[in-house]
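Chain by chain, the residues:
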Amino acid sequence: MRYFYFVFIFFVLLPHQKQHQMSNLRFKALELLSQKDYRKENAVEVPAKLSSLFCENVFSEETMREYLTHEAFASIQNAIKSGVKIQRDVADQIAVAMKDWSLSKGVTHYTHWFQPLTGSTAEKHDSFFTPFESDRAIERFSGGMLIQQEPDASSFPNGGIRNTFEARGYTAWDPTSPAFIMGTTLCIPSIFISYTGETLDYKAPLLRALHAVDEAATDICRSYFDKNVTKVSPTLGWEQEYFLVDSALYQSRPDLVITGKTLLGHSPAKGQQLDDHYFGSIPTRVMNFMKELEIKSIQLGIPVTTRHNEVAPNQFELAPMFEEVNVAVDHNSLLMDLMARVAHKHHFHILFHEKPFAGVNGSGKHNNWSLATDTGENLLSPGKNPKKNLQFLTFFVNTLKAVHDYADLLRVSIASAGNDHRLGANEAPPAIISAFIGSQLFGVLEELEKVKDGKLSPEEKTDLKLNVVGKIPNILLDNTDRNRTSPFAFTGNKFEIRAVGSSANCAEVMTVMNAIAAKQFKMFKVEVDALVESGLKKDEAIFNVLREYIKVSKNIMFEGDGYSEEWAVEAAKRGLNNLKTTPQALSRELDPKFIALYEELGIYTHREMEARNEIKLEKYSSVIAIEARVLADIARNHIIPCALNYQNRLIENVKGLKEIFGDEEFQTLAKEQMSLIRDISGHVSIIKIGVENLLKAIAEAKSKDSSREMAESFCEEVIPFFATIRNSSDELEMMVDDELWPMTKYRELLFTK
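Source: prediction; values computed, not measured.

Criteria and cut-off values
- Residues numbered from 1 in each chain as written.
- Predicted model: local features only at pLDDT ≥ 70, side-chain atom pairs only at ≥ 80, totals over all residues.
- Heavy atoms only, no water.
- Helix = DSSP H or I, 4+ residues; strand = E, 2+ residues; numbered from the N terminus.
- Rg over C-alpha atoms; globule rule 2.2 N^0.38 Å.
- Areas by Shrake-Rupley, 256 points an atom, 1.4 Å probe, with all protein chains shown as cover.
- Lys, Arg positive; Asp, Glu negative; His and termini not counted.
- Charge placed at Lys NZ, Arg CZ, Asp CG, Glu CD.
- Expected span 1.5 Å × (residues − 1).
- Buried < 20%, exposed > 50% of the residue type's maximum accessible area, 1.4 Å probe, protein only.
- Patch = residues over 30% accessible without salt bridge, like charges linked within 9 Å, V, L, I, M, F, W, Y side chains within 5 Å.
- Salt bridge = Lys/Arg side-chain N within 4 Å of Asp/Glu carboxyl O.
- 1 Å grid on protein atoms, 1.4 Å probe; cavity = no way out; pocket = protein on both sides within 12 Å on 5 of 7 lines; lining within 4 Å.
- Points joined across faces, edges and corners; volume = space filled by probe spheres on them.
- Nonpolar A, V, L, I, M, F, W, Y, C, P; charged D, E, K, R; others polar.
- pLDDT = per-residue confidence, 0-100.
- Contact = heavy atoms within 4.5 Å.
- Axes fitted to C-alpha atoms, helices over the stretch in contact; angles between N-to-C directions.
- Parallel < 35°, antiparallel > 145°, perpendicular 65-115°, else oblique.
- Phe/Tyr/Trp six-rings, centres within 6.5 Å; stacked < 30°, edge-to-face > 60°.
- Core = buried A, V, L, I, M, F, W, Y, C linked by side-chain atoms within 4.5 Å.

What follows is about the overall build of the protein chain. For the protein chain, the count of helices and strands is 29 helices and 17 strands. Compactness check: the protein chain gives a C-alpha radius of gyration of 29 Å against a globular reference of 27 Å for 753 residues, within 12% of the reference. When the backbone C-alpha atoms are referred to their principal axes, the protein chain occupies close to 105 × 80 × 55 Å. Put simply, the protein chain shows about 32,200 Å² of open surface, and 52% of that area lies on carbon and sulfur atoms. The positive charge centre, built from 84 side chains, and the negative charge centre, built from 101, are 1 Å apart in the protein chain.

Right, let's talk about helix 20 (residues 538-553) for a bit. Between the first and last C-alpha of helix 20 there are 22 Å, a value that for 16 residues agrees with the 22 Å anticipated at 1.5 Å per step. Of all 16 residues that make up helix 20, twelve are buried, and the element is covered over most of its length. Those residues of helix 20 not exposed but buried are Asp 539, Glu 540, Ala 541, Ile 542, Phe 543, Asn 544, Val 545, Leu 546, Arg 547, Tyr 549, Ile 550 and Ser 553.

With 16 residues, helix 6 (residues 88-103) extends 22 Å between its outermost C-alpha atoms, agreeing within 8% with the 22 Å of an ideal straight helix rising 1.5 Å per residue. Within helix 6, burial applies to Val 90, Ala 91, Ile 94, Ala 95, Ala 97, Met 98, Lys 99, Trp 101 and Ser 102.

Together, Val 257, Ile 258 and Ile 626 make up an exposed nonpolar region whose accessible area comes to about 250 Å². When you line up the elements, Ile 626 lands in helix 24 (residues 606-660). With a relative accessible area of 42%, Ile 626 lands in the partly exposed category.

For the structure on display, the rule yields five cavities of 30 Å³ or more. The computed volume of the largest cavity comes to approximately 50 Å³. Broken down by element, the lining of the largest cavity gets its largest block of residues, three residues, from helix 12 (residues 325-345). Of the residues that constitute the lining of the largest cavity, the class distribution is five nonpolar, two polar and one charged.

With that out of the way, let us pick up the confidence of the model for the protein chain. Mean pLDDT over the protein chain works out to 90, with 93% of the residues at or above the 70 mark. Here residues 1-16 scores under 50 on pLDDT; set against residues more than four positions off or in separate chains, the count is 17 contacts.

If you walk through the whole model with that rule in mind, you get 38 salt bridges. Residues Arg 26 and Asp 738 are paired through a salt bridge, measuring 2.8 Å at the closest nitrogen-oxygen approach. Here the residue Arg 26 occupies a position in helix 2 (residues 16-35), and Asp 738 occupies one in the loop between helix 28 (720-733) and helix 29 (746-751), the gap between them amounting to 712 residues. Residue Arg 26 is classed as buried on the basis of its relative accessible area of 0%. Since its relative accessible area comes to 26%, Asp 738 is described here as partly exposed. The network of salt bridges with shared partners includes Arg 26, Asp 738, Lys 745, Arg 747 and Glu 748.

This next bit is on the packing of helix 19 (residues 506-533) against helix 23 (residues 592-601). Pairs of packed helices are described in terms of their axes, by the angle between the two and the distance that separates them. Two elements in contact, helix 19 and helix 23, have axes whose closest approach is 10 Å; the angle formed by their N-to-C orientations is 80°. One element, helix 19, and the other, helix 23, form an angle in the roughly perpendicular class. Every residue of helix 23 that contacts helix 19 at Val 512, Ala 515, Ile 516, Ala 518, Lys 519 and Lys 522 is listed here: Leu 597, Tyr 598, Glu 600 and Leu 601. Here the residues of the contact of helix 19 with helix 23 sort into seven nonpolar, no polar and three charged.

Okay, the packing of aromatic side chains next. This structure, assessed with the given rule, holds 28 aromatic pairs. With a centroid separation of 4.7 Å and 50° between ring planes, the pair formed by Tyr 110 and Phe 141 is classed as tilted. In this pair, Tyr 110 sits in strand 1 (residues 109-113) while Phe 141 sits in the loop between strand 4 (136-139) and helix 7 (143-147), placing the two residues 31 residues apart along the sequence. Accessibility classification places Tyr 110 together with Phe 141 in one group, the buried group. Residues Phe 524 and Tyr 549 carry aromatic rings whose centres are separated by 6.2 Å and whose planes lie at 55° to one another, so their mutual orientation is tilted. Here Phe 524, found in helix 19, pairs with Tyr 549, found in helix 20; they are 25 residues apart in sequence, far enough to count as distant. We classify Phe 524 as buried; its relative accessible area is 0%. These aromatic residues form a ring-pair network of at least three members: Phe 392, Phe 396, Phe 488, Phe 490 and Phe 495.

What follows concerns the nonpolar core. One broad trend across soluble globular proteins is that nonpolar side chains are buried collectively. One finds Tyr 242, Phe 289, Phe 396, Leu 445, Leu 448 and Met 510 to be the most contacted residues of the largest nonpolar core, which totals 128 residues. Per-element accounting of this core gives the leading share, 13 residues, to helix 19. With sequence-adjacent residues up to four places away left out, Phe 396 is seen in contact with Leu 380, Ile 437, Leu 441, Leu 445, Phe 490 and Phe 495. In terms of nonpolar packing, the next biggest core, distinct from the first, is built from 51 residues, Tyr 620, Ala 697, Ile 698 and Leu 740 among them.

Here it is as structure tokens:
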């Protein structure tokens, strides 16, 4: 009784007013929705031709031709295509042209737009405005301002690369990605490095990886297939999934506001089980958002072409055309920022979290990767003759070999606290890295595996080229199905990396993909040249090397159901790792083999690798710690008071029944209320004890000596309490009077249009 009295005073009477305000906030949000007609208020008119808007706010090649001198234009094109350094005097010319173009569009400021390791973009705005006498001023922008800026680097993640008091960092212009205008600001895509030269962003390592794969792939093309090839550019087509939630409803959920996901919430009777949302009619209000987003995207040069409903309620997808990887990565980061801005205008909040709602599909960001030559060929697409098909097989098999050799590094590149909820949950590929290529292509590789060692007779060559290699185009025409359970699937003329999380920066996985491909291409060239020197002809040498690669790489090829338990058992037999959590994945990142890869290609130093691993571990721990504290706060300050408030009403009801009816009739009439009172007490007790244990586990995790131990402790000791608290809270949600429940419910978040 004393315990109940204590709980009643401190959890019912004192927080009652706050809890009442929370439930009011929920119902006011729902009432506002019924009164507002956002469909009419935010109607969007689309021009007859979207193409007329393309690159309107981009310092594009066409704009450069208009504003630049011939010398400056040639210089920037050489920088883009060949990496030739832009001279300072030419940079001054480019800066003046950029300024003049920007001023013609009402721009007042400029910024070096970069992508630090926070996971979002960053910018520091400086004005063109420059006073030069006591009462006079001009708009000024020089080559020095264009090339380099010095933002304070003290508060960006660095993984111990610099001391806190060493604040200096530099941003440097990346001319391979075009400048663009957002509002009244000229944005200049840039890399971000420390005072001592270490990379502090996603772009710099990506550019190095792209250079490495360009060199290696071009070397193969020129040596064996086409001497006209002078450049190979990796391409990327991403598919961005996201949820839209009404802004008022979003603001009524503290967990959504602070963590980007719901930490509590009972599943509604209807979720996605009818499959009626996927590719369904797009709601008018959402369509208005999409229309405006597409207009602004196209003005910024983002070639968006696809929009549709996704599987879960209020989940959608947007996808552009393929672009060169560096530009595509920038466009995805820019688009995510743009989506949030446009959503706000339409009274939505956009959710990029990989698993914002339990019980329905989460969101991913498929990365479709391929290789394009400057002669217009896709190296992962077969040609019309045996030579072109052999070129296709060369890059196809080498890519599989690269993924086989560096599967764990690819897994590391998609690791995050949010993505842990999604991988292997029957909605996304498992954490086991495997490759799907289709049964028919698998059959071709099996035939190639039979190629005999050494020289081939003319008859064997003819048979191989006509009956195996020559059939590839026809096979690919019929091999159009996709295994959605595979994390790395070949889909006709590209590889689809399906396990990337929706909130991720594409640069991380693209850096790994292009780095491991570059390493493998270089190795292939060395091995083929060695066989040619020993007396084999080029095609014989290529077939011999590919045969061995196929044998080695078969372990990662899997055509079945990646969701099945049988595959997990089979994968273990094959020696494939199943790194289910981010701490497990990050424990593999500093493998000497991976460090050697990066150092050889000049992408990361050992110190940079250690720093990035440290940053990822710290971020994981911070994310889980924030979620845990928010959960504890909601449970103690909202859920328990609400439950006890309702329980108190039941107690008053029971007392009233006892006063009116005799004991026998009372026992019958009050049976259900008494049962509810007991159940509520039981769940309140579970939540209270769960929160206490959760807070102790957080303190214990934070006391660990290393970031790795801390992340492992958060994963293994803290996270398990989430389910305990959530389960009882969700049970209470189904017991407590709907008018008292403070948290906006799933049915309202997911089905309010």
